[in-house]
Amino acid sequence: MKLRGKVVTPDEVIEDGVVEVEGDRLVAVRPADDVRDGARADAREPTDDWLLPGLVDIHNHGGGGASLTAADPAQVATAAATHLAAGTTSLLGSAVTDAPDRMLAVVATLADAVEAGVLSGIHVEGPFLAESCRGAQDAAHLRAPDTGLARDLIAAGRGHVRVMTLAAELPGADAVADQLAADGVVVALGHTAATAPVARAFLAAGRAPLVTHLFNGMPPMHHRSPGPALAALAAAADGVACVELVADGVHLDDETVRAALTLAGDRAVLVTDAMAAAGMADGDYELGPQQVEVRDGVARLAGGGAIAGGTSRLAEQVRRHAAAGLDPVRLVRAAATTPAAVAGLPDVGALRPGLRADVLVADTSLTVTRVMRAGQWVGGA
Ligand SMILES: [Zn+2]
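For clarity, every value in this text was computed on a predicted model and none was experimentally measured.

(A) View of the coordination of the zinc ion. Within the protein, the zinc ion binds to His59 (NE2), His61 (NE2), Glu125 (OE) and Asp273 (OD); these donor distances fall in the range 2.0 to 2.2 Å. In this structure, the zinc ion is surrounded by four donor atoms whose angles at the metal cover 83 to 169°, and the resulting shape is irregular. Mapping the donors of the zinc ion onto the primary sequence yields the spacing H-x1-H-x63-E-x147-D. When its relative accessible area of 0% is taken as the criterion, histidine 59 is described as buried.

This is the structure in structure tokens:
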């Protein structure tokens, strides 16, 4: 099968390109002029479509009214399908802070979904997080870093835990970070009140290759108290760590996203931090053990508390910032290529021959109109 349109590769936009798919693989990505006439029968005419790689969301708690944090396989399937239909062809399911038994059950359920091909991996957000920067994480279940519980969570994930968020300043954080690294788990600095020197040293030591939702779940940046946010941005600019950005217009001002993308370059990762309300109407939802109210698309802890996850899907973030004039190549790198690299998913994240055929067709406004995963159209479109 051949698809024709404006092709976004990790390096450029091919204005009139052809993406060739055989089985579940991409076999060629090149300018239409390079395709021999007889070989392009099903891509004969130029189109106004954009062709993007399937997007990779590495921080996600749910969608479609369903939660990835409920230890319920049916809800995991519904949430993953909701994001897939919008263009997220690779998804990490994120557990949240809860009682240890509950977290182990959630992680085991997510591992089942990875083995069923529904998810691409697991992110564990908690419970070793700073109380003062907990956001919507349940304070009752936060605890000091503990290698025993970390080991149990990794074991429950049966090799599928890719990322774990950790506050660097807590006693025992270094030991847990070292253990996670030894187990091949990416440590993400986050929900942290670390001072700038502590954050810088933690990142520079290679303990945390990732920062969980930069600016959110950490003290606001002030020039006399720069905290972890400025240290994280500098680490990204230096190529030491990648930074997640919840670029939904709620968690971060659009100008913050623009500046962070400029500074972090290829080290920026767009994430949704989505909860059950993603793709749904306003209403009352759950995030792990927490009750959440969604009003005007903004999720907060019940009673008007902290922002409690996002309601966007990743393609909506790409469209939003492309409409604001940001470079589609940079946005696609941040929403597909870099997160795939961070999460250790070498088979996805770009329109590149040899990779899995995850392709999005989008209209001139970058609204996704068709989704292909592993060479198959989603929803039979
Ligand atoms: Zn989260």
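(B) Examining the sheet that holds strand 4 (residues 50-53) more closely. Pairing is mixed across the open sheet formed by seven strands, whose spatial order is 3-2-1-4-18-19-20. Edge positions in the sheet fall to strand 3 (25-31) and strand 20 (376-377), since each of these pairs with one other strand and no more. In this sheet, strand 20 lies alongside strand 19 (residues 368-373) in antiparallel orientation, the contact comprising two bridges. Of the residues in strand 20, the one forming a bridge with methionine 372 is tryptophan 377. Across the sheet, helix 9 (residues 328-342) is in contact with strand 1 (2-8), strand 2 (13-22) and strand 4; its angle to strand 4 comes to roughly 30°.

(C) Molecular detail of the UniProt feature "domain: Amidohydrolase-related" (unreviewed entry) in the chain. According to UniProt, the "domain: Amidohydrolase-related" (unreviewed entry) feature falls on residues 51-378. For residues 51-378, helix accounts for 32% and strand for 21%, while the C-alpha atoms at its two ends are 15 Å apart.

(D) Up close: the packing of aromatic side chains. Inspection of the entire model under this criterion finds zero aromatic pairs. Sitting above the plane of the tryptophan 377 ring, arginine 370 keeps its charged end 4.1 Å from the centroid.

(E) Main features of helix 6 (residues 227-237). The element helix 6 is extensively covered by neighbouring structure, given that eight of its eleven residues are classed as buried. Along helix 6, the residues classified as buried are Gly227, Pro228, Ala229, Ala231, Ala232, Leu233, Ala235 and Ala236. Here the buried face of helix 6 lies against helix 5 (196-204), strand 12 (210-211), strand 13 (242-245) and helix 7 (254-264).

Procedures and definitions
Residues numbered from 1 in each chain as written. Predicted model: local features only at pLDDT ≥ 70, side-chain atom pairs only at ≥ 80, totals over all residues. Heavy atoms only, no water. Donors = N, O, S within 2.8 Å, 3.2 Å for Na, K, Ca; no water. Tetrahedral: all angles 85-135°; square planar, octahedral: opposite > 155°, others 65-115°. Buried < 20%, exposed > 50% of the residue type's maximum accessible area, 1.4 Å probe, protein only. Pairing = 2+ DSSP bridges. Helix = DSSP H or I, 4+ residues; strand = E, 2+ residues; numbered from the N terminus. Contact = heavy atoms within 4.5 Å. Axes fitted to C-alpha atoms, helices over the stretch in contact; angles between N-to-C directions. UniProt positions renumbered as here; feature names shortened; annotations may be inferred. Phe/Tyr/Trp six-rings, centres within 6.5 Å; stacked < 30°, edge-to-face > 60°. Lys NZ or Arg CZ within 6 Å of the ring centre and 35° of its normal.

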